[in-house]
Amino acid sequence: MHPLARLLAFLGIFLVAGVASAQGYPSKPVRLLVPFPPGGSTDMVARMILPKLGDLLGQQIFVDYKGGAGGSIGAAEAARAAPDGYTVLIVTDTHAMNHHVYRVPYDFFKSLDPISLLVQAPGILVAHPGFAPSTVKELIDYARANPEKVTYGSAGVGNASHLSGFLFGHMTGVKMTHVPYKGGGPLITDLLGGHVNIAFGTLPLYAQLVKSGKLKLIAVLAKTRVPQFPDVPAAAETVPGFEYKTWYGLLAPAGTPKEIIVRLNREVVRTLADVTVKGELVGRGFDITASSPEAFAAFLRQESDVAGRLVRDLEIKPE
């Protein structure tokens, strides 16, 4: 056989095997990497969608926590994983920030393939009940009178909860002390214990703690007031233009067969459209924002551009 013919025959066998593999996907459990410790909002989103998504895929999806460095440790592990569809990564807005803040061992644009945007959520500003200020104006006045004495916790350097506090200080001219944690779960523990004063967090993660009286709600961080707390002012009413929201999405190792990406995307979209799943997510304060892989890729590029400008303008550096 001519060498070129042998090569074409080999490639044909390879392509047929790849398609057959994709058609049989998944034939074993799928690992979902959560790049933060348990108890945070990323973990919450994962837990709310996994049962239905696993049912639609016909396989168990198990959670593997790989927290640290604002989620970049988990992202690096996902980037190193085999591109076979059996490792997927859930990310939040921090993912678009990390490569501007840390020297991450992966390429933001090339190491991971987008599957779908999942949900977005507005932020809220919460405080330990023993913290004196109860409004944004009172917080600003207190922080001005007590420079660097107000402590705000975050889920890590470069996380949206960090950026929000940094931006709040920048826009109001107050100086607060940042206390980074490895994720939202550890932050909540210390906030409940009064070890930090305030946190700029996601509404779904903190809403129940506010309603139970364990935390005090100072303001919502959407452009306007939200249905969950209609009587609570938006921070933008006192600090015009100040807003914080976060998003969550799914990625796979680069090179994952397109057929598998398409299958995962289809089942994710169906999961988020499920009446029960959608009801639970919306009830917690999430907005459903499922997308195509291509739309998510464009979204990530835009988010990276915005994050890069903020890092440069605010001179954010690792702590």
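Calculation criteria
- Residues numbered from 1 in each chain as written.
- Predicted model: local features only at pLDDT ≥ 70, side-chain atom pairs only at ≥ 80, totals over all residues.
- Heavy atoms only, no water.
- 1 Å grid on protein atoms, 1.4 Å probe; cavity = no way out; pocket = protein on both sides within 12 Å on 5 of 7 lines; lining within 4 Å.
- Points joined across faces, edges and corners; volume = space filled by probe spheres on them.
- Helix = DSSP H or I, 4+ residues; strand = E, 2+ residues; numbered from the N terminus.
- Nonpolar A, V, L, I, M, F, W, Y, C, P; charged D, E, K, R; others polar.
- pLDDT = per-residue confidence, 0-100.
- Contact = heavy atoms within 4.5 Å.
- Axes fitted to C-alpha atoms, helices over the stretch in contact; angles between N-to-C directions.
- Parallel < 35°, antiparallel > 145°, perpendicular 65-115°, else oblique.
- Left-handed = near helix turned anticlockwise from the far one by under 90°.
- Buried < 20%, exposed > 50% of the residue type's maximum accessible area, 1.4 Å probe, protein only.
- Core = buried A, V, L, I, M, F, W, Y, C linked by side-chain atoms within 4.5 Å.
- Pairing = 2+ DSSP bridges.
- Right-handed = clockwise from strand over helix to strand, strands pointing away.

Undergrad: Which residues make up empty space enclosed by the protein, and what values go with them?
TA: On inspection of all chains with the given rule, the structure shows four cavities of 30 Å³ or more. Taken as a whole, the largest cavity encloses approximately 180 Å³ of empty space. Around the largest cavity, the lining is made up of 22 residues, and of these Ser41, Ala155, Asn159, Ser161 and Gly184 lie nearest the centre. Elements supplying a minimum of two residues to the lining of the largest cavity: helix H2 (41–57), helix H6 (160–172), helix H7 (184–192), strand E7 (198–202), helix H8 (203–211) and strand E9 (245–253). Sort the elements by how many residues they give to the lining of the largest cavity and E7 lands first, with three residues. Split by residue class, the lining of the largest cavity holds nine nonpolar, 12 polar and one charged.

Undergrad: Any details on the confidence of the model for the protein? Residues and values, ideally.
TA: The pLDDT averaged across the protein works out to 91; a share of 92% of its residues lies at or above 70. The low-confidence segment residues 13–20, where pLDDT is below 50, has one contact with residues more than four positions distant or belonging to other chains.

Undergrad: Just give me the short version of the layout of surface pockets, but keep the residues and values in it.
TA: What the largest pocket holds in volume is close to 530 Å³. Secondary structure elements with two or more residues in the lining of the largest pocket: helix H4 (94–101), H6, E9 and helix H11 (293–314). Among the elements that make up the lining of the largest pocket, the one with the highest residue count is H11 (six residues). Taken together, the residues that form the lining of the largest pocket break down as 11 nonpolar, five polar and five charged.

Undergrad: An account of the packing of H7 against H8 is requested, with residue identities and associated values reported.
TA: Between H7 and H8, whose axes approach to 12 Å, the crossing angle comes to 25 degrees. In terms of their interaxial angle, H7 and H8 are classed as roughly parallel. Crossing handedness for the pair H7 and H8: right-handed. Residues Leu187, Ile188, Leu191 and Leu192 of H7 lie in contact with H8, whose contacting residues are Leu205, Tyr206 and Leu209. Taken together, the residues of the contact of H7 with H8 sort by class into seven nonpolar, no polar and no charged.

Undergrad: Describe the environment of alanine 273, listing the residues and the values that go with them.
TA: As for its placement among the helices and strands, alanine 273 is situated in helix H9 (residues 258–273). Overall, alanine 273 belongs to the exposed group, its relative accessible area being 52%. For alanine 273 and isoleucine 288, which are 15 residues apart along the polypeptide, the C-alpha to C-alpha distance reads 8.4 Å.

Undergrad: Could you give an account of the nonpolar core, naming the residues involved and the relevant values?
TA: In this structure, Leu32, Leu118, Val126, Tyr206 and Phe286 are the most contacted members of the largest nonpolar core, which totals 54 residues. With eight residues, H2 is the single largest residue contributor to this core. Excluding residues that lie within four positions of it along the chain, leucine 32 makes contacts with Ala46, Leu50, Ile61, Phe62, Val63, Asp64, Val88, Leu89, Ile90 and Leu250. With 31 residues, the next largest nonpolar core counts Leu139, Val174, Ile198 and Leu221 among its residues.

Undergrad: Can you break down the pairing of strand E1 (residues 30–34) residue by residue, with the values?
TA: The buried count for E1 comes to five of five residues, which makes it a mostly enclosed element. Side chains of E1 alternate between two faces, with Val30, Leu32 and Val34 and Arg31 and Leu33 buried alike. Bridge count between E1 and strand E2 (residues 61–65): five bridges; the pairing is parallel. Its bridge partner lying in E2, arginine 31 is registered against phenylalanine 62. Between the parallel elements E1 and E2, the chain passes through H2 in a crossover that is right-handed. As paired elements, E1 and strand E3 (residues 87–92) share three bridges and run parallel to each other. Counted as the bridge partner of arginine 31 is threonine 87 from E3.

Undergrad: Give me the side chain of histidine 95: which residues, what numbers.
TA: Tracing the backbone through its elements, the reader meets histidine 95 in helix H4. Overall, histidine 95 belongs to the buried group, its relative accessible area being 5%. For histidine 95, the contacting residues outside a window of four places in its chain are Ala75, Tyr106, Phe108, Leu112, Leu251 and Leu300.

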